[in-house]
Amino acid sequence: TRFRNVTGVQTCALPICRLRRIPLMVTWHEYWGKAYWVNYLGVMGSVAATLEWLSARTPNFIFAVSPETQQKLRRIGIGESRVVLSENAVDIDGVLAVEPHDAEIDILSVGRLIDHKRVDLTIEALACTPGLCSATLTIVGEGPEKANLERLSRKLGVDGRTNFLGELRTHNEVWSFMKKAKVL
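As a starting point, this report considers the structure included with it. Owing to the predicted nature of the structure, the values given are computational and were not obtained by experimental measurement. (Residues numbered from 1 in each chain as written. Predicted model: local features only at pLDDT ≥ 70, side-chain atom pairs only at ≥ 80, totals over all residues. Heavy atoms only, no water.)

### Points about the packing of aromatic side chains
Each aromatic ring pair is described using two quantities: the centre-to-centre distance and the angle formed by the ring planes. Put simply, the rule is: Working definition: a ring pair exists when centres of Phe, Tyr or Trp rings (six-membered ring for Trp) sit within 6.5 Å. Plane angles under 30 degrees give stacked, over 60 give edge-to-face, the rest tilted. Throughout this description, buried means an accessible area under 20% of the type-specific maximum (1.4 Å probe, protein chains only), exposed means over 50%, and partly exposed covers the range between.
By the definition in use, this model includes six aromatic pairs. Between Trp32 and Trp37, the ring centres sit 4.6 Å apart and the planes meet at 50°, which makes this aromatic pair tilted. Look at Trp32 and Tyr40: their rings are 5.4 Å apart centre to centre, the planes differ by 80°, and that puts the pair in the edge-to-face class. Overall, the relative accessible area of 15% leaves Trp32 in the buried class. Every member of this aromatic cluster is reached through a ring pair, and the members are Trp32, Tyr36, Trp37 and Tyr40.

### Structural notes on a nonpolar patch on the surface
What counts, and what does not: Grouping into patches uses exposed residues only, defined as over 30% relative accessible area, and leaves out salt-bridged ones; the cut-off is 9 Å for like charges and 5 Å for nonpolar side chains (Val, Leu, Ile, Met, Phe, Trp, Tyr). Values of accessible area rely on a 1.4 Å probe in the Shrake-Rupley scheme; residue burial ignores everything except the protein chains shown. Each reported salt bridge corresponds to a side-chain nitrogen of Lys or Arg within 4 Å of a carboxyl oxygen of Asp or Glu. Counting from the N terminus, the helices are the DSSP runs of H or I reaching at least four residues and the strands are the DSSP runs of E reaching at least two.
A contiguous nonpolar surface patch, about 540 Å² in accessible area, is contributed by Leu41, Met44, Val47, Leu51, Trp53 and Leu54. Broken down by element, the residue count for the nonpolar patch peaks at four residues, all from helix 3 (residues 45-57). Tracing the backbone shows Met44 in the loop between helix 2 (33-41) and helix 3.

### Section: the sheet that holds strand 4 (residues 107-110)
Where we set the bar: Pairing between two strands is assigned when DSSP locates at least 2 bridges connecting them. For helices, the fitted axis covers only the stretch in contact; all axes are lines through C-alpha atoms, and the angles between them, taken along N-to-C directions, range from 0 to 180 degrees. Whether two residues are in contact is decided by their heavy atoms: any pair within 4.5 Å suffices.
With parallel pairing, three strands are arranged side by side in an open sheet as 4-5-6. The strands lining the two open edges of the sheet, one partner per strand, are strand 4 and strand 6 (162-166). Neighbouring strand axes in the sheet, compared pairwise and without regard to direction, differ in orientation by 15° on average. Pairing of strand 5 (residues 137-140) with strand 6, which is carried by four bridges, proceeds in the parallel orientation. The partner of Thr138 across the bridge, within strand 6, is Asn163. Sheet contacts for helix 6 (residues 119-127): strand 4, strand 5 and strand 6; angle to strand 5, the most-contacted strand, approximately 165°.

Here it is in structure tokens:
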């Protein structure tokens, strides 16, 4: 999971940074907090929330990729001078250089398959159009909701029009699919 990746990298990097007397700087994409973790993992959510809270205090500097993440980190007591807003950016020239994918892609969903991203609504919308069109839905991503989304697709009878690709290897592959999609 994203949480495990952040914590693992920090755990390895912290001793090296301390030994070399250099600051540990990390990029933080989201701070979920205890309520979210408990809702997400049940009883074990308290443990995950504690690890997230401790991990937020480990680095000398945090680059938050959104104002919301920056505010959440400040609300839990991370000093203003330690949390810098550094929003994500896109390499426009790189995107323009990528060729559109060969496959026909009507509707494309790209992202981590977690509940609050609401990919289920896209599948439900696809199911509402059986007589109107034969549009297909391509879903790029992995996550804990994947099995539920596959079940929903079967239940609504659109599994023949829904393609789960999993995680793509490179950003260029993602851009290639995005450039070919009629709806993103």
